[in-house]
Amino acid sequence: MDFPRLIGMVHLPALPGSPLSSLALDECERCAVADAVALAEGGADALIIENFGDVPFRAGSVDPHTIATMTRIGLAIRSEVDLQIGVNVLRNDGLAALGIAHALDASFIRVNILSGTMATDQGLITGQADSLMRTRQSLGASRIKVLADVLVKHASPLASLSIADAVEDATLRGLADGVIVSGSATGKPADPSDVRQAVQSSGNRPVYIGSGITTESIARFVPPAYGAIVGTSIKRDGRINAPVDVERVRRLADWFRTMPEENGP
């Protein structure tokens, strides 16, 4: 696939069965499709479907009904927009994300912890590169690319680890197709020096900024990064739980259209 530059988040509301669930499945689907259409109209290259509202997240596998619900919503989005689609199943169910992506004929998945072990608010989470990459191979689904967070937000490594070493572990040993660098939490900007080191260590794989990107800040990060995954700043009034704002997406998309084509993998 051609790696997308601007990836917008479709933050799903709390899905049926999760503690904060208040919407019927049809309404969850309607909200998700509306955000996806806004991303397409604004000029995003791709979107990620994520079970953002399902707090508290699990360290391991999610329930089967969550997988089924996300697949249904993904199919509804697929029927309405012509964008590359990615899947992220929080907190770290990469196998579920891969299964959903395979059913949707999606382009990529995001995995928060592909390599190593991180201390998180869900407890210790260990990477799953082995099972994930072997399952992808067995499905004949190498077309589905894996974008892996390195030193992911809302987490800390058990031992001191440089961003360069984390990128090399994710790509050379975990076989990630691209990496994501973020700040310490949702909406928090990354450290520009971390981004530069990640690009230098990525072996020409794309590096994405995974948090804190706005129209005002993006020039600090892209280039050297290849692209950005954007959630908070493209929402109405910059509020994380608000709908996607077409004009906010368009301003970022216009910025990407001015970027030199040679910046990339």
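As shown above, the structure is provided for reference.
Sequence order as written defines residue numbering, which begins from 1 separately in each chain. At least 70 in pLDDT is required for a residue's local features to be given in this predicted model, at least 80 for side-chain atom pairs to be given and counted, and no such filter applies to totals for whole chains, interfaces and linings, which use all residues. Think of the side-chain values as coming from all heavy atoms in the structure, minus any hydrogens and water.

**Section: unusual backbone geometry**
Of note, the amide linkage connecting Val-55 to Pro-56 takes the cis form, showing an omega dihedral of -10°. Helix numbering and strand numbering both begin at the N terminus, where a helix is a DSSP run of H or I of at least 4 residues and a strand a DSSP run of E of at least 2. Among the secondary structure elements, Pro-56 is positioned in the loop between β2 (46-50) and α2 (64-80). The amide bond that connects Leu-90 to the next residue, Arg-91, takes the cis arrangement and shows omega of 10°. Tracing the sequence through the fold places Arg-91 in the loop between β3 (84-88) and α3 (94-104). Within the chain, Asp-105 stands out as a residue other than glycine whose phi angle is a positive 55°. Structurally, the position occupied by Asp-105 is in the loop between α3 and β4 (108-111). The backbone phi angle of Asp-237 is positive, close to 60°, even though this residue is not glycine. With respect to the helices, strands and loops of the structure, Asp-237 is situated in the loop between β11 (227-230) and α7 (246-257). For Asp-237, a relative accessible area of 54% puts it in the exposed group. Burial classes: relative accessible area under 20% of the type maximum marks a residue as buried, over 50% as exposed, and values in between as partly exposed (1.4 Å probe, protein chains only).

**Comments concerning the sheet that holds strand β5 (residues 117-120)**
Two modes of strand pairing occur in sheets, parallel and antiparallel, and in both the strands are linked by backbone hydrogen bonds. With antiparallel pairing, the 3 strands of this open sheet are ordered in space as β6-β5-β8. Every interior strand has two partners, whereas the edge strands, β6 (123-126) and β8 (155-157), have only one. The average undirected angle you get between the axes of adjacent strands in this sheet is 35°. Being paired, for any two strands, means DSSP has found at least two bridges between them. As judged from the 4 bridges shared by β5 and β6, these two strands associate in the antiparallel manner. Looking across to β6, one finds that Ala-119 is bridged to Leu-124. Axis lines are fitted through C-alpha atoms, for helices just across the contact stretch, and the angle between N-to-C directions can take any value from 0 to 180 degrees.

**Side note on helix α4 (residues 129-138)**
Buried residues of α4: Ala-129, Leu-132, Met-133 and Arg-136, and no others. Looking down the long axis of α4, one finds its buried residues gathered within 90° of arc, a one-sided arrangement. Turned more than 90 degrees from where α4 packs its buried face, Asp-130, Arg-134 and Ser-138 sit exposed. Any pair of residues with heavy atoms lying within 4.5 Å of one another is described as a contacting pair. Check the buried side of α4 and you find it contacts α3, β4 and β7 (145-149). Here the arc refers to the set of directions running from the helix axis out to each C-beta atom.

**Some remarks on the sheet that holds strand β9 (residues 178-181)**
As summarised here, the arrangement of the 8 strands in space is β1-β2-β3-β4-β7-β9-β10-β11, forming a closed barrel in which the pairing is parallel. Between one strand axis and the next, the sheet turns through 25° on average, direction left out of account. Examined bridge by bridge, strand β10 (residues 207-209) and β11 share 2 bridges and lie parallel to one another. Opposite Ile-209, over in β11, you have Ala-228 as the bridge partner. Against the sheet, α4 makes contact with β4 and β7, and its axis sits at roughly 170° relative to β7, the strand it touches most.

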